Each structure stands twice: as structure tokens, then as C-alpha cells.
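The chain contents come next:
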2 protein chains.
Amino acid sequence: MNETPRVTFDLDAPGLSMGHLVVPEGSDCEALSLPVFSLNKGEGPRLLITGGCHGNELEGPIVARRVIEWLPEAQTCGRIIVVPELNPLAVQASTRNTPVDGVNLNRVYPGRAGGSVTERIADAISRLLLPMADTVFDLHSFGPTWDFPPAIITHPIADADLMAKTLKMAEACKMPVTLLWEYDVPGMFDTWVHSQGKLFICAEFGGGTVGAEALCIYESGVRNALIALGLVEGKAEHPTYRQKKSSQTLESLLSDELKSPACGIFEPRRSMLDEVNQGDLLGVLHPMDSLSAGSIDIRAPTTSIVCAIRSGGYVESGEEIVYLARPLNL
Amino acid sequence: MNETPRVTFDLDAPGLSMGHLVVPEGSDCEALSLPVFSLNKGEGPRLLITGGCHGNELEGPIVARRVIEWLPEAQTCGRIIVVPELNPLAVQASTRNTPVDGVNLNRVYPGRAGGSVTERIADAISRLLLPMADTVFDLHSFGPTWDFPPAIITHPIADADLMAKTLKMAEACKMPVTLLWEYDVPGMFDTWVHSQGKLFICAEFGGGTVGAEALCIYESGVRNALIALGLVEGKAEHPTYRQKKSSQTLESLLSDELKSPACGIFEPRRSMLDEVNQGDLLGVLHPMDSLSAGSIDIRAPTTSIVCAIRSGGYVESGEEIVYLARPLNL
């Protein structure tokens, strides 16, 4: 037991090479072999692309695998390492957290060598792959139960220079929304990468169904970012989303998070990116056992933009149902 | 134990009345109280509207509750009984099957009084509510992991007269798709209702996110059906879907069902309602542990229309990933 993680191939080999990142076995689970793709064209920016942190957010793994198809030809310099599925156990179970230990991989960075399997995955990434990169693209999404636009998000960063660089890189993806999101929990990959002075971009690739059209938008976003970093030549393109080619940069504060006042069926009455005035109806909560009079209106506390709204479905009391936002003024 | 199901209020009271259908307790679960709404305007068609058979298909319960808001005023004659959530246990767990006994409610009709809780629900519906209706609208959807249009479906019915009446009623909903779907498993609500010579319409209200715009389309479909039945006055309206006001009637055979050849991540390359030629790429299956060469192309076996396609996600070997269809020629 307590072996150290390892990579099964030479990451320094020129061109495209591939193999596995081996996460050692522990008392809870046998060793995992995560597929790793390395694209080495010498000097230049050093990038790590990761997907599949949460097993019910499959846009990332799919887009990561699509990028690998054309990147060997398109890349002009630098180093790119791609790990399409950080957490194969969660992907196979279609769950956010790792089923073996019930832990959220994005809450345990930098991980722990002797910890549970989720901590061991974080440790392997932090120890073996992160040192080889100056920039990280971590490909997430809002998951199947949310109505949410294709977006790049970043959390507030204390280092003003890194904050500015991060926002600039986020906007270079030209996704419909760039979001500065006040959301601070311990152990996030973002925070660990930022603490080392590295650039970290989190793609939150929409919610709901992972469809063919959406995947094309997401792939464009990653390509635009690769161009902005100087790893690929070409002209960035604004993907068309809902018949529009446009982007907006929004800010969402902790106070913009609306939670369900009771358990029951949430009925959305507005869609993502709708502009709403104070008092506007956003949705209705139907307590399950109620007859006609029991519904609870959910209204906008301030004039704002609907950034994310829960899909119609059963929610627990206190569960997040809406995130509001407004244009970012720096 | 072994009590009989009962309704807590007088279903024959004029106008709007409400109460519960009580499903008796059993050894697996205490008694359930399902909210029931009765709208009685005397002589005329007798309709039963049900939602929430599967707990991860929430369009039905939401649309049922929306209809109750305006129906007391709009209804001109006849009897309508609405049960928004047939299976509250599954709704609360957001699962297709009832979590207590693991049973699919739409596989156990007409139910069994001394059976497990799912069988007792079916028994209560079959015994107390179905005899009061000549037509049933059962509000389902394809669920969160599918890309599927708003549709009314019916399965082939041996009785030619009932088949014709059913298709006519289905098309009167004016949903983007009316689907005659060859799909035959024992114990479906459809089959039980048909066996009694009654009309049964199954709404399969799309897949993916349950959003505000989609819910408006679905509500229109139910309103159109109520007009066609003669329960509500007014003019049926074609809801706008993807910038178009149109409907098509399709047929999907058993041979149109494509299954995944392996377990892995399914990547959709086409969208629902796309027209495809024989050999066209529909999607790609990425076995999880594969490096670059492992992907499997999923191609169209015939020239057809993509009726439903799985959302990008992890699938097991043999799991359905695409349903094809073609215009119905009767």
C-alpha cells in the first residue's frame, strides 16, 4: 500500500504520446489508470486540460477527446497535457461525487497520498501533472438539472494581477457568458492552482442535455482559448448561440443565490439570461402534498439577469434553485 | 392491513373539488395520500389526467398543476379528474422506479391490492379513478438524459377503430411530433386502458432540462386536446417550437432502436429531428479506458429521422442510445 502515483509513459517525448496516470490502490479501491494524452511541441506555453472531475458533467470529457483529434496537427508550440476523465469512478456512476468514498473531487485539493481514493486522485494530479503546466483549463458544466448558458467562470482572486489575467483569458474563450462568481469553499482545484500563481480557467459548459450543437460551441471555446494562449494559430470565432454571436461578462454574488423555501416540485417560470425586475416571478414551488392553495411564488429580490435556474423537478428545502447576476463593473 | 383504497372526498360534487386518493399501507410502506382534483360540469366527456408516474419526469406534474389553475373557468361540460403525482415516492427520490420496491409503475397495471406499494398505487387508480373516465391523458417525458422533441406517442393498437381515434386525438394536440411507437412490454397503463376500449394518449414531453419555454409548449398541447375533446371552447393553437409552427407524424419500429455496443461515454453528433442518410454518423462511443484508437462510430442503418438521441454521458453496453423514425404511412 501507500505507493506513489506514476505516469506510465515519457511525458517529454516529442509530438503526441499517450499512456496512463496511475493512482495507487488503497484500502477502499484498487489502483486507477487515467488515460493521459501529451502533446509536446517544445518551448512555449504549458497547459493542462482536465475533464470529468464530476461524473454527471460529461461535456468536459467529450470536448477533451474531440480536441485531441485535431490538436496534434494544429498545435504550433508548447506543451499540452490532456486528462479527459479525472474521476472515472464518478463518470461510470454518473454521479457528482465519487461513489466509493462519497467525496467531491473538487473539494479535496491538493489531495492526500494516504487518503481515500478521491484524495489520491487529487494528489496524483497535483503532484505529477500540475508542476508541468502554467495554465489549467478545467472542463466542468452545471449538470443535468440546471438551465445554464455555456460559460467560463472564475472566482474572485485576491492577487489583482492574476485576477485581471484570468478574466482576460476567460473572455478570450468568447462563450456566451463569462462569469465572476463569488463562491468560496475549501479544497477547490481553482484555489490550489491560483495559490501557485498559475492561471486557471473553469469552463462551466451549460446545463441540461449534452447535445451535438452545444458540444460544437464548447469545442469553439476551447479552441479560442488555445489561440489566445498562443498554442494554436488561427482566428478566434464567436460561436452562434440562440441565433446570436455575442458575449457578456456577468458577476454573481453570494446574495444572488436563491434557495428553495420548502421541499416540493420547483416549476421554472423564467429562462436563463432573462432580464428580470425586482419582484418578478422566477418560479413556483409546489409542496407535494398541497392542494390548490399551497404553491409558493419565488420572486426576484433585485433587478438582475437569470444566470442559472433549476430544471423543473423535486427539490429539498434549502437547495439552490436560482443564481442571479448582473453585468460586471470592475 | 389489506385495506381497500379510497377517495377522501365526493368526486360527484359539482364544480371544483379536491382531496386525496388514499393508497392503503402495506408491509413495505405506510399509506400514501395522492392529491386529486375533480372538475365536474355535468354531462359530457369524462377525462382522467395523470402525471408523475416516473419520478424523474416532472413535466407532467407541473403541467397538470398549471392546467388546474385555469380549467375551472374554461371547462364548459363533462368531468375531469387530475392526479398530478401518481408516484410521490419516485418523485421525491427523482427516480424512474419507486425506490421502496424498485418497481416501474408503468409495468404493473392493473396493479394488485395485496402487492408492493407500486402495485397498490396502480390498483387504486385502476379501481377507483379509471372507471370514472372514458379517456386518459398520461403525462410522461423522455427524462433528463435524452434529446427528444415535445411529442404525443401511442403504441400500435390491435383495434383499428380505437387506433384511428387515438391517432386523431394525438394529432389534435399539435405537438411538434406525434409518434406511433412500436414498444410492447407487459403491464403498461396504456394497454390496460386500451383493453377496456377507452382512449389513451401518452404525452412524452421532451427530454433534458424542464424549462419555462418547454412547459408553455406542453401546456398548449394539453389545452389543444381538451378543445378537441369538447371540454373547453376555443381555437387550438400550434405552439412555436424552434422558430417553427409545425407538426409531423412519425413511426418508430423495434428495429429503429440502436443500442450501445460497449460501455463508455456516448457523444451525440446529431440532434433530434435531424434527417439522416444510411451510413451517416449519429454519435461516437468512447470506451473509458481507451486511448486514441478506441472510439466506435455509431451510424444510421437506414435513411431516417433522429427521433431521440441520448445526451452525452456514460452508458452501459446494450443501453438504448438512439431511436430512429420515419413519416408514418397508414
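Residues numbered from 1 in each chain as written. Chains lettered and ligands numbered in written order. Predicted model: local features only at pLDDT ≥ 70, side-chain atom pairs only at ≥ 80, totals over all residues. Heavy atoms only, no water.

A. Geometry of the sheet that holds strand β15 (residues 281-286) of chain A. Residue and element names in this part refer to chain A. Spatially, the four strands line up as an open sheet ordered β16-β15-β13-β18, and their pairing is antiparallel. Looking at which strands have only one partner, the edges of the open sheet turn out to be β16 (296-299) and β18 (313-315). Within this sheet the neighbouring strands show an average axis-to-axis angle of 35°, counted without direction. Where β15 meets β16, four bridges bridge the pair, whose relative direction is antiparallel. Residue valine 284 lies in a different strand from β16, and its bridge partner there is aspartate 297. (Pairing = 2+ DSSP bridges. Helix = DSSP H or I, 4+ residues; strand = E, 2+ residues; numbered from the N terminus. Axes fitted to C-alpha atoms, helices over the stretch in contact; angles between N-to-C directions.)

B. Structural view of the packing of helix α1 (residues 59-74) of chain A against helix α6 (residues 212-229) of chain A. Residue and element names in this part refer to chain A. Between α1 and α6, the least distance of the axes is 10 Å, while the angle of their chain directions is 55°. Of the possible angle classes, the one that applies to α1 and α6 is oblique. Relative to α6, the crossing made by α1 is right-handed. Contact residues: Glu59, Ile62, Val63, Arg66, Val67, Trp70 and Leu71 in α1; Leu215, Cys216, Tyr218, Glu219, Val222, Arg223 and Leu226 in α6. (Parallel < 35°, antiparallel > 145°, perpendicular 65-115°, else oblique. Left-handed = near helix turned anticlockwise from the far one by under 90°. Contact = heavy atoms within 4.5 Å.)

C. Structural detail: the pattern of salt bridges. All names here are of chain A. Inspection of the entire model under this criterion finds 36 salt bridges over all chains. Note that arginine 120 and aspartate 28 form a salt bridge whose closest N and O atoms lie 2.9 Å from each other. Of this pair, arginine 120 sits in helix α3 (residues 117-129) while aspartate 28 sits in the loop between β2 (15-23) and β3 (32-41), placing them 92 residues apart in sequence. For arginine 120, a relative accessible area of 3% corresponds to the buried category. (Salt bridge = Lys/Arg side-chain N within 4 Å of Asp/Glu carboxyl O. Buried < 20%, exposed > 50% of the residue type's maximum accessible area, 1.4 Å probe, protein only.)

D. Structural detail: the packing of aromatic side chains. All names here are of chain B. On inspection of all chains with the given rule, the structure shows 20 aromatic pairs over all chains. For the pair phenylalanine 142 and phenylalanine 148, a centre-to-centre distance of 3.8 Å together with 10° between the ring planes defines the contact as stacked. Like phenylalanine 142, the residue phenylalanine 148 is buried in the burial classification. Taking NZ or CZ as reference, arginine 310 lies 5.9 Å from the ring centre of tryptophan 146, over its face. (Phe/Tyr/Trp six-rings, centres within 6.5 Å; stacked < 30°, edge-to-face > 60°. Lys NZ or Arg CZ within 6 Å of the ring centre and 35° of its normal.)

E. Here's a closer look at the interface of chain B and chain A. With 48 residues of chain B in contact, the opposing surface of chain A contributes 48 residues. Of the roughly 3600 Å² buried where chain B meets chain A, counting both sides, 60% is carbon and sulfur surface. Applying the counting criterion to the chain B and chain A interface returns four salt bridges. For arginine 269 of chain B, the salt bridge goes to glutamate 69 of chain A, with nearest N and O atoms at 3.8 Å. Along the contact surface separating chain B from chain A lie six residue pairs in polar contact (both at pLDDT 80 or more). Broken down by element, the side of chain B that touches chain A gets its largest block of residues, five residues, from helix α1 (residues 59-74) of chain B. Across the side of chain B that touches chain A, the residue classes tally to 21 nonpolar, 16 polar and 11 charged. (Buried area = accessible area lost by both parts, 1.4 Å probe. Polar contact = N/O pair within 3.5 Å; in protein donor to acceptor, adjacent residues only side chain to side chain. Nonpolar A, V, L, I, M, F, W, Y, C, P; charged D, E, K, R; others polar.)

F. Spatial organisation of the side chain of aspartate 123 of chain A. All names here are of chain A. Within the secondary structure, aspartate 123 sits in helix α3. A relative accessible area of 10% places aspartate 123 in the buried class. Not counting the four nearest positions on each side in its chain, aspartate 123 is found in contact with Pro5, Pro110, Gly111, Arg112 and Ala113.

G. Main features of the pairing of β2 of chain A. Pairing between strand β1 (residues 6-7) of chain A and β2 of chain A: two bridges, direction antiparallel. Considered in β2 of chain A, the bridge of valine 7 of chain A is made with leucine 21 of chain A.

H. Representation of the sheet that holds strand β18 (residues 313-315) of chain B. With antiparallel pairing, the four strands of this open sheet are ordered in space as β16-β15-β13-β18 (chain B). At either margin of the open sheet sits one strand with a lone partner, and together these are β16 (296-299) and β18 of chain B. When the angles between neighbouring strand axes are averaged without regard to direction, this sheet yields 35°. With four bridges connecting them, strand β13 (residues 264-268) of chain B and strand β15 (residues 281-286) of chain B associate as antiparallel partners. Opposite proline 268 of chain B, over in β15 of chain B, you have glycine 283 of chain B as the bridge partner. Along the sheet, α1 of chain A contacts β13 and β15 of chain B; its crossing angle with β13 of chain B, the most-contacted strand, is approximately 75°.

I. Spotlight on α6 of chain A. Residue and element names in this part refer to chain A. Taking 1.5 Å per residue, 18 residues should reach 26 Å; α6 reaches 26 Å between its end C-alpha atoms and fits that length. Among the 18 residues in α6, 13 count as buried, and that is most of the element. Directly after α6, the chain includes glycine 230, whose backbone phi takes a positive value near 90°. (Expected span 1.5 Å × (residues − 1).)

J. Molecular detail of the confidence of the model for chain A. Overall, the predicted model of chain A reaches an average pLDDT of 94, with 98% of residues at or above 70. This prediction of the complex comes with two scores: 0.92 for pTM and 0.91 for ipTM. (pLDDT = per-residue confidence, 0-100.)

K. Highlighting helix α4 (residues 160-172) of chain A. Residues and elements named next belong to chain A. In this model, α4 (13 residues) spans 18 Å end to end at C-alpha, consistent with the 18 Å of a helix rising 1.5 Å per residue. Those residues of α4 that fall on the buried side of the exposure criterion are Leu162, Met163, Thr166, Leu167, Met169, Ala170 and Ala172. Two or three places before aspartate 161, at the start of α4, stands the capping residue aspartate 159, its side-chain oxygen 3.0 Å from that residue's backbone nitrogen. Just past α4, the residue lysine 174 takes up positive phi, approximately 55°.

L. Summary view of the relation of the copies chain B and chain A. The two copies are related by a screw operation: chain B maps onto chain A through 180° of rotation and 0.0 Å of translation along the axis, at an RMSD of 0.0 Å. Given the turn and translation reported, the copies of this chain are related as if by a two-fold rotation axis. Among all residues of chain B, the one whose C-alpha sits closest to the rotation axis is glycine 208 of chain B, at a distance of 2.6 Å. (Least-squares fit on C-alpha atoms with pLDDT ≥ 70 in both.)

M. Structural detail: the side chain of histidine 140 of chain A. Residue and element names in this part refer to chain A. Position of histidine 140 relative to the elements: it lies in strand β6 (residues 135-140). Accessibility expressed as a relative area gives 3% for histidine 140, which makes it buried. Side chain to side chain, histidine 140 and glutamate 57 meet in a polar contact 3.2 Å long. Within the structure, histidine 140 has its side chain in polar contact with the side chain of aspartate 138 (distance 2.6 Å). For histidine 140, the contacting residues outside a window of four places in its chain are Cys53, His54, Glu57, Asn106, Cys202, Ala203, Glu204 and Phe205.

N. Representation of the environment of alanine 228 of chain A within the structure. All names here are of chain A. The topology assignment puts alanine 228 in helix α6. On the accessibility criterion, alanine 228 (44% relative accessible area) is partly exposed. For the pair alanine 228 and threonine 8, spaced 220 residues apart in sequence, the C-alpha to C-alpha distance is 31 Å. Residues contacting alanine 228, with those up to four places away along its chain left out, are Met169 and Ala172.

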